[in-house]
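# Fold and geometry: a report
Given next are the chains, with one letter for each unit.
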Amino acid sequence: MTVQLLKHKFTTEQYHLMHEAGVFSESDRLELINGEITEMSPIGKKHAVCVARLNELFFTRLLYKVQIWSQNPILLDNGSEPQPDLAILKRRDDFYAEGLPTPSDILLVIEVADSTIAYDREIKMPLYGATKIPEMWLFDLNKKAIEGYSQPSTTGYKRMQRYEENDIFSMLAFPDVNFTWQEMF
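In short, a report on the structure.

Cut-offs used in this document
- Residues numbered from 1 in each chain as written.
- Predicted model: local features only at pLDDT ≥ 70, side-chain atom pairs only at ≥ 80, totals over all residues.
- Heavy atoms only, no water.
- Buried < 20%, exposed > 50% of the residue type's maximum accessible area, 1.4 Å probe, protein only.
- Helix = DSSP H or I, 4+ residues; strand = E, 2+ residues; numbered from the N terminus.
- Pairing = 2+ DSSP bridges.
- Right-handed = clockwise from strand over helix to strand, strands pointing away.
- Phe/Tyr/Trp six-rings, centres within 6.5 Å; stacked < 30°, edge-to-face > 60°.

## Overview of the pairing of strand β5 (residues 106-113)
In terms of residue burial, β5 counts as a mostly covered element, since 8 of its 8 residues are buried. Taken together, the 4 bridges between strand β4 (residues 86-90) and β5 define a ladder with antiparallel strand orientation. Paired with A87 across the bridge in β5 is V109. Pairing of β5 with strand β6 (residues 135-140) involves 5 bridges; the strand directions are parallel. Looking across to β6, one finds that I110 is bridged to W137. The parallel pair β5 and β6, bridged by helix α3 (residues 117-130), forms a crossover whose chirality is right-handed.

So, in structure tokens, the structure goes:
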């Protein structure tokens, strides 16, 4: 006799109702990915330092041009509400109080990884591309490399550019604002 396990896919509405009902504690680090509630890895020192550095760089370079959404949820579709390390958003007067940012609000999403690189590359990157977020940067803290993804498609992104030591690069939305690999690490 074979036992078949049922896997339930949750909608973002169900996920929010569970939060409101107290199913999860405030300290739980969770995100909804493709209908599945996923526990996020704890944030280590290298990760925290990199995110803080990126926050400051984007803040100083793009002051009053964008809103920087750090480790907050974004709404991709009815089954996905990830919490990227950074999302660079179109500026809105209400600071997204009327609703979470959606793909049309997002200029760039950034994931910083030391222990989650495979998950971010194999699960989250294709999800961001499939929902038409124009650009994603994936920071590999162990290899000190940045993968820049662009040209979203239904399966992820068509283009990947790897940035390493001495490279200079920019966001698609702000091609005149340059960043260097050295200042990122």
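## Section: the pairing of strand β2 (residues 36-39)
Bridge analysis of strand β1 (residues 30-33) against β2 gives 4 bridges, and the strand direction is antiparallel. From the neighbouring strand, L30 faces β2, where its bridge partner is E39. What sits between the antiparallel neighbours β1 and β2 is a turn of 2 residues, in which N34 has the positive phi angle 50 degrees.

## Re the packing of aromatic side chains
Tallied over the entire structure, the rule returns 10 aromatic pairs. Consider the rings of W181 and F185, whose centres lie 5.2 Å apart with planes at 45 degrees: the pair is tilted. A single burial state applies to W181 and to F185, both of which are buried. By the ring-pair criterion, three or more aromatic residues cluster together here, those being F58, W137, Y163, F169 and F179.

Purely geometric numbers; function is a separate question.
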